[in-house]
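Spelled out from the first residue to the last, the chains are:
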Amino acid sequence: MIRYSLPYPPSVNNLFFNTGRGRSKTDAYKAWQDAAGEAIVEQGRKRIHGLVTLSIALVKPDKRKRDLSNVIKAIEDLLVSMAVIDDDSLVQRISIQWMETGDPCVVLVHEYEAALAA
């Protein structure tokens with residue numbers, strides 16, 4: 001199991017913007033990727049090959065309404081770009097929840113165990 005404490009991720013709605021040539025990352029997304037990547041390096045970059053399960057705990061940064069599912073893509077893409085997991089298509093199960101207190105975002109990466117899904 002791998003555990004990372006990360007900055008609060010941006011919403012999927014704020015990851016990209018349209019250009020005349022396609023889509024590009026927003027400055028906010030790039031800044032989060034840099035900060036979160038540094039956090040992974042500081043905490044010790046580890047790797048799990050193959051199928052994985054993600055467990056994510058979030059603390060809301062403010063009182064606005066937020067959708068839990070809107071942060072998953074940024075987290076998955078970060079784990080791939082930092083070579084923690086091979087590809088986000090290998091994520092077989094995700095659990096995500098709000099926490100009252102704690103780090104803004106905690107991500108646990110486990111080797112996938114099919115028996116747990118039954």
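Along each chain, the written sequence defines residue order, and numbers are assigned to residues from 1. For this predicted model, a pLDDT threshold of at least 70 governs which residues receive local features, and a threshold of 80 or more governs which side-chain atom pairs are given and counted, while totals over whole chains, interfaces and linings are taken from all residues. Values shown for side chains rest on all heavy atoms present in the structure; no hydrogens or waters enter the calculation.

Some thoughts on helix α2 (residues 72-81)
Here comes step 1: Summary of the burial criterion: residues with accessible area below 20% of their type's maximum are buried, those above 50% are exposed, and those between are partly exposed, where the area comes from a 1.4 Å probe applied to protein chains only. The helix count covers DSSP runs of H or I at least four residues long, the strand count covers runs of E at least two residues long, and both are numbered beginning at the N terminus. Among the ten residues that make up α2, seven are buried, leaving the element largely enclosed by the rest of the structure.
Here comes step 2: Every buried residue belonging to α2 is among I72, A74, I75, E76, D77, L78 and L79, and all of these are buried.
Here comes step 3: In the core, the buried residues of α2 are packed alongside β1 (2-6), α1 (27-43), β4 (52-58), β5 (91-98) and β6 (105-111).
Here comes step 4: Downstream of α2 by a residue or two, A83 has a phi angle that is positive, lying close to 60 degrees. Two residues form a contact once any of their heavy atoms are found within 4.5 Å.

Digging into the sheet that holds β5
Here comes step 1: If you walk across this open sheet you meet the four strands as β1-β6-β4-β5, and the pairing is mixed. Of all the strands in the sheet, just β1 and β5 have a single pairing partner and so form its edges. Neighbour-to-neighbour, the strand axes of the sheet open up by a mean angle of 15 degrees, direction not taken into account.
Here comes step 2: As paired strands, β4 and β6 are joined by seven bridges and run antiparallel to one another. Pairing of V52 across the sheet is with E111, part of β6. Paired strands, as defined in this entry, are two strands with at least two bridges between them according to DSSP. Fitting a line to C-alpha atoms yields each axis, with helices limited to the stretch in contact; the angle taken between N-to-C directions then spans 0 to 180 degrees.

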